[in-house]
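# Architecture and fold: a report
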Amino acid sequence: MDFSLLTYYVMLPMLEYFRLAFGSYGWAIILVTLVIKAVLLPLSIKQMQLSQKMQAQMALMKPELEKIQDKYNQRKKKYESNPEKLEEIQRDFQAQMTELYKQHGGLNPLSGCLPTLLQFPLLIALYWTFSGPPFQPSILSINLQATSQVQTKDPKSIKYVSSSEANYVDPDGKLSRIKLTSDIPEKLVVGENYTLEVKQTLGEGQIPLNQIKWDLLPKGQNPHMVKDDPNLSSWASGVVELKEDPNNPLKATIKALKETDHFNLQFHLKEDRGHQPFFFIKDLGRLGLWNADTKAIHWDICVLVLLMGITFWLSNKLMMSNNPQPPSLDKTQEEMQKQMQTLMPIMFFGMMAFLPIPAGVFIYFIVSNLIQLAQTIFMQKFLSNNQAQKA
C-alpha cells in the first residue's frame, strides 16, 4: 500500500485546512489528531467491548481452566523424561483449550487485536505527514551506476530509471505529487549524455524554482539523512558530470566520465514553512535531541520526548490492565508476558528518543496518548455501568 497517497488525499488536506483556519501548524497537528481519534473511536469502543466480554468469559472459564492446567502440569511432571509423550500432552492441552473456547461462544484471545491492526495504515500515513512536507524537504532520488559496456537490449524492453513519487505543499497550501524521470536505461554508459526531468503527476501546487537543488551522493549515503552541504557532490569531480538546465531548473543532464559503482542522484526541494515555533517548541520541524554539528542539546525536544514517554506508559498500563491474557502452558511464559508489557513502553520510548523524528510527531503522540487515556477511563465506566444495569 502506498501510504504517501493516503497522506496526499487525506492527511495533508486536513493539515493545510486547519493551518489556514488557525494560522499555526502546531494547532493544525493537534486538531488533525483530534479528528483521527474521532474517526477511530468506533474501533476503540469495539476493542474495549471485546476486552470487557473476554474478561467476563474468562471469569466464567476460570474453574475449568484451572482443572485443565492442573491436569496438564501433573501429566507433564509424570512424563518429563519422555519427549514424545510430552508433545502428545501439549497437543491434548491445546485441543481441550480450543474446545473450552468453543463452549464459551468461540472466545478468541486475539480478537481484540483486530481493531488495533486496522488503525495501522492511518497511523503510518500520519507519521508520513509529519515527517515530510511542509516540515521536511521533498526529496526524489534514483540509484545509478556507470558502465563502459553499451547496452544492446531491444528499445521496447528497456525500463528507464525513475524515482518514486513524493508529495509537495507550495507556499499557498496547494498540493502536488512530483516524480523524477529520465532516459537512463538501467545504467549510465560512459560518455553518453542523459536527460533528467521532474514532473508533476498530480495537483496544482507551484514549485518555487529558486528552492531546487540537484546533488550526487556517494554509495551508502541515505538521501533522506544528508545535510544541506554545498560540497555534497565534490566526490563526483572527474567521475560524474551533472548540469542543471539554466532555462528550467526542473531539468538536468548527467554524463558518466568513467565507470563507477552505485551512487544516488538527488533532487532536493526545500521546505521551511513548517519550521514554526509553538509554545515552548522552537521549531516544529526540528529533528532529534541534539544538533549533530554544534552538539547543542534541543531542550524543547527533550521535554516532548519525556512527555510522550510518560503519557504512553500511562495509556499502555491502563489498557493492559483491562486486557486479559490467555492461559499459558507454564508460569515462566506468563512472567515473560508481564515483562514484555513493562518493557514495551520503555523500548518505544528509547526508540523515539534517539531517532531523528520531527517535533510535530511528538505533539501528535502526546495528544493521542492523552485522548486515549480519557477514552479508556470513560469507556471503562460507561461499559461497567451498562453491565451493572443489565445484571
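To keep things clear, this report deals only with the structure shown in the data block. (Residues numbered from 1 in each chain as written. Predicted model: local features only at pLDDT ≥ 70, side-chain atom pairs only at ≥ 80, totals over all residues. Heavy atoms only, no water.)

## As for a nonpolar patch on the surface
Residues Phe22, Trp27, Phe279, Phe280, Val303 and Leu307 make up a contiguous nonpolar surface patch of about 640 Å² in total accessible area. Mapped onto the elements, Leu307 comes out in helix α5 (residues 299-320). Look at Leu307 and you get partly exposed, because its relative accessible area is 36%. (Patch = residues over 30% accessible without salt bridge, like charges linked within 9 Å, V, L, I, M, F, W, Y side chains within 5 Å. Areas by Shrake-Rupley, 256 points an atom, 1.4 Å probe, with all protein chains shown as cover. Salt bridge = Lys/Arg side-chain N within 4 Å of Asp/Glu carboxyl O. Helix = DSSP H or I, 4+ residues; strand = E, 2+ residues; numbered from the N terminus. Buried < 20%, exposed > 50% of the residue type's maximum accessible area, 1.4 Å probe, protein only.)

## Points about the pattern of salt bridges
In total, this model carries 6 salt bridges according to the counting rule given. A salt bridge links Arg75 to Asp92; its shortest N-O distance comes to 2.9 Å. Here Arg75, found in helix α2 (residues 25-78), pairs with Asp92, found in helix α3 (residues 83-103); they are 17 residues apart in sequence, far enough to count as distant. Here Glu241 ties to Lys243 by a salt bridge, and the two come within 3.9 Å at their closest N and O atoms.

## Observations regarding the sheet that holds strand β3 (residues 175-182)
Reading across the sheet, the 5 strands line up as β2-β3-β5-β8-β7 and stay open at both edges, with antiparallel pairing between neighbours. On the outer flanks of this sheet lie β2 (166-169) and β7 (240-244), each paired with one strand and no other. The sheet shows a mean angle of 30 degrees between the axes of neighbouring strands, taken without regard to direction. Strand direction decides the pairing type here: β2 and β3, joined by 4 bridges, are antiparallel. Residue pairing in the sheet places Tyr168 in a bridge with Ser176 of β3. Against the sheet, helix α1 (residues 3-22) touches β2, β3 and β5 (193-203), its axis set at about 145 degrees to β3. (Pairing = 2+ DSSP bridges. Axes fitted to C-alpha atoms, helices over the stretch in contact; angles between N-to-C directions. Contact = heavy atoms within 4.5 Å.)

## Re the pairing of β7
Sheet faces and side chains relate simply in a regular strand, where the side chains alternate between the two faces. Inspection of the sheet shows β7 paired to strand β8 (residues 251-256) by 5 bridges, in the antiparallel sense. The residue bridging Glu244 from the neighbouring strand is Ala252, located in β8. Linkage of β7 to β8, two consecutive antiparallel strands, is achieved through a turn of 6 residues.

## A word on the sheet that holds strand β1 (residues 138-147)
Strands sit in the order β4-β1-β9-β6 across an open sheet of 4 strands; the sheet is mixed. At either end of the open sheet lies a strand with only one pairing partner, and these are β4 (188-189) and β6 (212-217). When β1 meets β4, the two strands line up parallel, connected through 2 bridges. Each residue of the ladder has a partner; that of Ala146, found in β4, is Leu188.

## Focus: unusual backbone geometry
The phi angle at Phe279 is positive, at roughly 55 degrees, despite the residue not being glycine. Among the structural elements, Phe279 can be located in the loop between β9 (260-269) and α5. Since its relative accessible area comes to 67%, Phe279 is described here as exposed.

## Concerning the nonpolar core
Membership of the largest hydrophobic core comes to 38 residues, with the highest contact counts inside it found for Leu15, Val32, Ile36, Phe130 and Ile363. Put simply, the parts of the chain that give this core at least two residues each are α1, α2, α4 (113-131), α5 and α7 (359-390). For Ile36, the residues in contact, after removing those within four places along its chain, are Met11, Met14, Leu122 and Leu126. Counting residues in hydrophobic clusters, the runner-up holds 30 residues, among them Ala166, Ile207, Trp214 and Ile254. (Core = buried A, V, L, I, M, F, W, Y, C linked by side-chain atoms within 4.5 Å.)

## Some remarks on α1
For α1, which comprises 20 residues, the first-to-last C-alpha distance of 27 Å matches the rise-based estimate of 28 Å (1.5 Å per residue) to within 8%. Maximal helix bending in α1 amounts to about 35 degrees, located at Met11; proline Pro13 follows within four positions. Those residues of α1 that fall on the buried side of the exposure criterion are Phe3, Ser4, Leu6, Thr7, Tyr8, Met11, Leu12, Met14, Leu15, Glu16, Phe18 and Arg19. After α1 finishes, the residue Gly23 shows a positive phi value of roughly 75 degrees. (Expected span 1.5 Å × (residues − 1). Bend = angle between axes of the 7 residues up to and from the residue.)

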